[in-house]
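The residues making up each chain are set out below.
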Amino acid sequence: MDSNEVKAIVEANIRPMVDALCLAHWRIGINYTKTGRDNWIAMCDRSGGDYFVASIIIDPEMHDDEREVLKSLRHELLHLHLTPFDLYRDAMTQHIVNDTPEAGQENRLWAFACEQTLVNVERLLVNLPRESLKLVSDLKPVKKKVTTP
Ligand SMILES: [Zn+2]
């Protein structure tokens, strides 16, 4: 797709999507360019996660239609919910030297765990009935039955 087409789709949909995914407290920049990784159609940099700042890259050439763009956008936004685990990873990998088999092993496990978690969350979001997404505060209280002995 053309970069301007993808940008128009994102700009028309990002605010309601961010609100629906409970990410309104994040400052998120979107870039429309190559990810720099083979076969990656989009990516999310949440290295500013301590301050709720993130950057998403969407490669326009790797998307064929609006549906694909929105799916990528949702997926990359969902990555932001994994930010609390970044601190754990940073602490646990302090002793691992870059470009070693151990670093490769850890990176492969990390990527697998993150992506599989998001696949499960995406399935959950798609399959949940709309009523179950209501906030608890939106639900009407159930009247208690008064029983007499
Ligand atoms: Zn992902």
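Because the structure is predicted, anything quoted here is derived from the model rather than measured.

What counts, and where the lines are drawn
Residues numbered from 1 in each chain as written. Predicted model: local features only at pLDDT ≥ 70, side-chain atom pairs only at ≥ 80, totals over all residues. Axes fitted to C-alpha atoms, helices over the stretch in contact; angles between N-to-C directions. Helix = DSSP H or I, 4+ residues; strand = E, 2+ residues; numbered from the N terminus. Parallel < 35°, antiparallel > 145°, perpendicular 65-115°, else oblique. Left-handed = near helix turned anticlockwise from the far one by under 90°. Contact = placed C-beta atoms within 7 Å. Nonpolar A, V, L, I, M, F, W, Y, C, P; charged D, E, K, R; others polar. Pairing = 2+ DSSP bridges. Core = buried A, V, L, I, M, F, W, Y, C linked by C-beta atoms within 7 Å. Buried ≥ 20, exposed ≤ 12 C-beta atoms within 10 Å, placed from the backbone.

**A look at the packing of helix α1 (residues 3-20) against helix α2 (residues 66-79)**
Part 1 of the argument: Interhelical geometry of α1 versus α2 gives an angle of 45° and a closest axis separation of 10 Å. When the axes of α1 and α2 are compared, the pair comes out oblique. Crossing hand, α1 versus α2: right-handed. Here Val-6, Ile-9, Val-10, Asn-13, Ile-14, Met-17 and Val-18 of α1 come into contact with α2, specifically with Glu-66, Val-69, Leu-70, Leu-73, Arg-74 and Leu-77.
Part 2 of the argument: Grouping the amino acids of the contact of α1 with α2 by side-chain chemistry returns 10 nonpolar, 1 polar and 2 charged.

**Some remarks on the pairing of strand β2 (residues 42-48)**
Part 1 of the argument: Where β2 meets strand β3 (residues 53-58), 5 bridges bridge the pair, whose relative direction is antiparallel. If you follow Met-43 over to β3, its bridge partner there is Ile-57.
Part 2 of the argument: Taking the residues that link successive antiparallel strands as the turn, the β2-β3 hairpin has 4 residues, and the phi of Phe-52 there is positive, at about 55°.

**Considerations on the nonpolar core**
Part 1 of the argument: Counting residues in each nonpolar core, the largest one holds 13 residues, and the members touching the most others are Ala-42, Ile-56, Ile-58 and Val-69.
Part 2 of the argument: At the level of secondary structure, the elements contributing two or more residues to this core comprise α1, β2, β3 and α2.
Part 3 of the argument: Discounting chain neighbours no more than four positions away, the residues touching Ala-42 are Thr-35, Ile-56, Ile-57, Ile-58, Asp-59, Ser-72 and Glu-76.

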